[in-house]
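Each chain, written out:
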Amino acid sequence: MVAGTAASVAAVGLRSLAAWCSSEVRARFRRRLFASVEVSETEDPRLFKALVRWLERRRVLASSGSFRAVAAEPRASGKPNGPRAPASFRPRDDVCLLPLFGELESARFAFGGATLWVTLEGGGSLSGTDASNLRALIGDMRASPARRAARATARSGLAPQTLRVAALRGAAAPDVVARLCREALREAADADRRHVEHYEWTGKAWALASLSRKRPAETLVLRAGLAEEILGDVRRFIDDESWYNERCVPHRRGYCLHGPPGSGKSALVHAVASEFGCPCAARAAAPEKVAAADGPSLSELLNAVDGVGAAADGRILFITTNRVDALDGALLRPGRCDRSFFLGASDEDQARRLFERFFDDAPEAAAAFAAAARGRSMADLQGLCLRHRGDPTGAVAEASLGVDESRGTHQPQP
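Residues numbered from 1 in each chain as written. Predicted model: local features only at pLDDT ≥ 70, side-chain atom pairs only at ≥ 80, totals over all residues. Heavy atoms only, no water.

**A few points about the nonpolar core**
Working step 1: Membership of the largest hydrophobic core comes to 25 residues, with the highest contact counts inside it found for Leu51, Phe109, Leu116, Val118, Leu163 and Leu180.
Working step 2: Elements represented by at least two residues in this core include exactly helix H2 (45-57), strand E6 (107-111), strand E7 (114-121), strand E9 (162-168) and helix H5 (173-194).
Working step 3: Ranked by size, the runner-up nonpolar core spans 18 residues in total, among them Ala362, Ala366, Leu384 and Ala395. (Core = buried A, V, L, I, M, F, W, Y, C linked by side-chain atoms within 4.5 Å. Buried < 20%, exposed > 50% of the residue type's maximum accessible area, 1.4 Å probe, protein only. Helix = DSSP H or I, 4+ residues; strand = E, 2+ residues; numbered from the N terminus.)

What follows is the structure in structure tokens.
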């Protein structure tokens, strides 16, 4: 019995030794044959993210022959609620397939007249910002990229990801890989200049949901002076970071935008993010003291906003609601919500400016439209102008009916 056990142990040892020798031989062979560059998610998150996006857009990562299957829990709406995958391998039905590259497998692609191999190692989301909750993401918004990535890895408990790009050894190999990195960074910078990143909560982590084109503040059609007032306040807040720090005051700012549907609340938040180059992370919450089953409770929301250890310096919070009276007072107290703005139905000036954006050669019709359309939501007026694109007379005629599509009722014209 003892002899049999010893023989088994010896066999296992020999197999382990053989596996190690084989692995070591392969590693030395690769080092002699290939010149490779490693990009770490934690050490250089900016370059790592740029390269992953560059590879996603060209479907390089999808060429892996091995995938990790992850079940996606359905939302109430029936849409998948699982880990975000790159566009090249979005979830089908209720399963996400994420590429799984091993030691012996890489994706091959051509660049700059050379053949390159890329290996993606480590755990975590391919195209997202891992965080355990809303508070963590808010705290990370103004952190340095390296610090943000390190926090994400520590919270998730997953090994950081590493991209290894390899080319056949030769005088041109380093130059080819360097040109690939420069091109990926250039594309990422162009996208950042043109787009705002929007993150959504997947149930376990925050993930990049979409990129939307930046919206210039001058395209907003709000009450005269409102957009300028809010943008000016945000600009002063950002510029005064050292003032806050010198006085040991938490560097954060909160706004409440309230008013009827279609009054421009979300558009205003988008314009602020566009103006200052900030990402947006949005999550719905019920107004009652206990939120809906799939949303945070009030205490969780308050802790996320400014709880102990929230590390939320530099964050800007926008609360948008149709019914400000339904919000708990604790959410609106100074320090959490510093200023409140009402965005109501359109006045004559707003209606006229919106009309002139669609029909810039009909000044007389603009005056008539403004007089007839005041008091209706801006979303309804924009829809009306779109329906009568190229027909200012028709737009004025429909506005005179006083029908607000957002409420489905005839509105009296005061």
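**Brief notes about H5**
Working step 1: For H5, which comprises 22 residues, the first-to-last C-alpha distance of 32 Å matches the rise-based estimate of 32 Å (1.5 Å per residue) to within 8%.
Working step 2: Restricting attention to buried positions, one finds in H5 the residues Ala173, Val176, Val177, Leu180, Cys181, Glu183, Ala184, Ala188 and Ala191. Down the axis, H5 shows its buried residues gathered within 160° of arc, on one side only. Opposite the buried face of H5, at more than 90 degrees from it, the exposed residues are Pro174 and Arg193. (Expected span 1.5 Å × (residues − 1). Arc of directions from axis to C-beta.)

**Side note on the sheet that holds E6**
Working step 1: Reading across the sheet, the four strands line up as E1-E9-E7-E6 and stay open at both edges, with antiparallel pairing between neighbours. Here the strands that pair on one side only, and so sit at the sheet edges, are strand E1 (34-40) and E6. Strand-to-strand twist of the sheet, defined as the mean angle between neighbouring strand axes without regard to direction, takes the value 25°.
Working step 2: In this structure, E7 lies alongside E9, joined through six bridges in antiparallel fashion. In the sheet register, Leu116 faces E9, and the bridge partner there is Ala167. (Pairing = 2+ DSSP bridges. Axes fitted to C-alpha atoms, helices over the stretch in contact; angles between N-to-C directions.)

**Observations concerning the confidence of the model for the protein chain**
Working step 1: When the pLDDT values of the protein chain are averaged, the result is 74; 63% of them are 70 or greater.
Working step 2: Residue range residues 72-93 is modelled with pLDDT below 50. Its contacts to residues more than four positions away, or to other chains, number 48 contacts.
Working step 3: Between residues 124-142, whose pLDDT stays under 50, and residues either more than four places distant or in other chains, the model counts 73 contacts. (pLDDT = per-residue confidence, 0-100. Contact = heavy atoms within 4.5 Å.)

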